[in-house]
Amino acid sequence: MNRHNLYIKCVDCQTEFIFTIGEQGFYEDHKLYPPKRCPLCRKAKKRERQDAEHRIKQEQNYERRKQHEESSENTLL
Ligand SMILES: [Zn+2]
């Protein structure tokens with residue numbers, strides 16, 4: 001098959017980005033759909049998700065720490 005680089009319009013920022021032959025191979029190997037977002041928006045989305053996960057983790061840690069502190073006052077943070 002004769003592949004060539006594709007240009008895809010990002011659904012978030014409407015910027016056209018390049019979907020390279022190498023990436024196409026990667027997506028095909030992993031049975032993934034072609035990306036809908038440009039790398040920047042993908043990164044932003046990923047960061048958003050990580051931030052949310054991070055926040056949840058921090059809250060859980062905080063809860064744990066609070067409970068811990070209530071039982072021992074010598075805990076170093
Ligand atoms: Zn974008």
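A quick note: this is a predicted structure, and the numbers were derived from the prediction, not measured.

Asks: Please explain the overall build of the chain as it appears in this structure.
Replies: Secondary structure assignment for the chain yields 2 helices and 2 strands. For the chain, the N- to C-terminal ordering of α and β elements is β-β-α-α. Its C-alpha radius of gyration of 21 Å places the chain more than 25% over the 11 Å reference for a compact globule of 77 residues. When the backbone C-alpha atoms are referred to their principal axes, the chain occupies close to 65 × 25 × 15 Å. Burial statistics for the chain: of 77 residues in total, 1% are counted as buried. Restricting the contact set of the chain to residue pairs at least 6 apart, pairs at least 24 apart contribute 30%.

Asks: Is there a simple way to think about helix α2 (residues 39–71) in this case?
Replies: Residues separated by three or four positions in an α-helix point in the same direction, a consequence of the helix having 3.6 residues per turn. Under the 1.5 Å per step criterion, the end-to-end length of α2 is 47 Å for 33 residues, consistent within 8% with the ideal 48 Å. Where burial is concerned, little of α2 is hidden: 0 out of the 33 residues are buried.

Asks: Where do I start with unusual backbone geometry in this structure?
Replies: In most cases, non-glycine residues show a negative phi, while peptide bonds are predominantly trans. The phi torsion at Q14 lies on the positive side, around 65 degrees, for a residue other than glycine. Relative to the helices and strands, Q14 is located in the loop between β1 (6–9) and β2 (16–19). Under the C-beta neighbour-count criterion, Q14 is labelled exposed, with 8 such atoms within 10 Å. Although it is not a glycine, K31 sits at a positive phi angle of roughly 50 degrees.

Asks: Just checking my understanding: could you explain the pairing of β1 for this structure?
Replies: Two faces, one strand: in a regular strand the side chains alternate between the faces of the sheet. In this structure, β1 lies alongside β2, joined through 4 bridges in antiparallel fashion. Across the sheet, the residue bridging to L6 is F19, located in β2. What sits between the antiparallel neighbours β1 and β2 is a turn of 6 residues, in which Q14 has the positive phi angle 65 degrees.

Asks: What is the right way to read helix α1 (residues 21–29) from this model?
Replies: Where burial is concerned, little of α1 is hidden: 0 out of the 9 residues are buried. Looking one or two residues past α1, K31 carries a phi angle of roughly 50 degrees, positive in sign.

Criteria and cut-off values
- Residues numbered from 1 in each chain as written.
- Predicted model: local features only at pLDDT ≥ 70, side-chain atom pairs only at ≥ 80, totals over all residues.
- Helix = DSSP H or I, 4+ residues; strand = E, 2+ residues; numbered from the N terminus.
- Rg over C-alpha atoms; globule rule 2.2 N^0.38 Å.
- Buried ≥ 20, exposed ≤ 12 C-beta atoms within 10 Å, placed from the backbone.
- Contact = placed C-beta atoms within 7 Å.
- Expected span 1.5 Å × (residues − 1).
- Pairing = 2+ DSSP bridges.

Read these as geometric descriptors, not functional statements.
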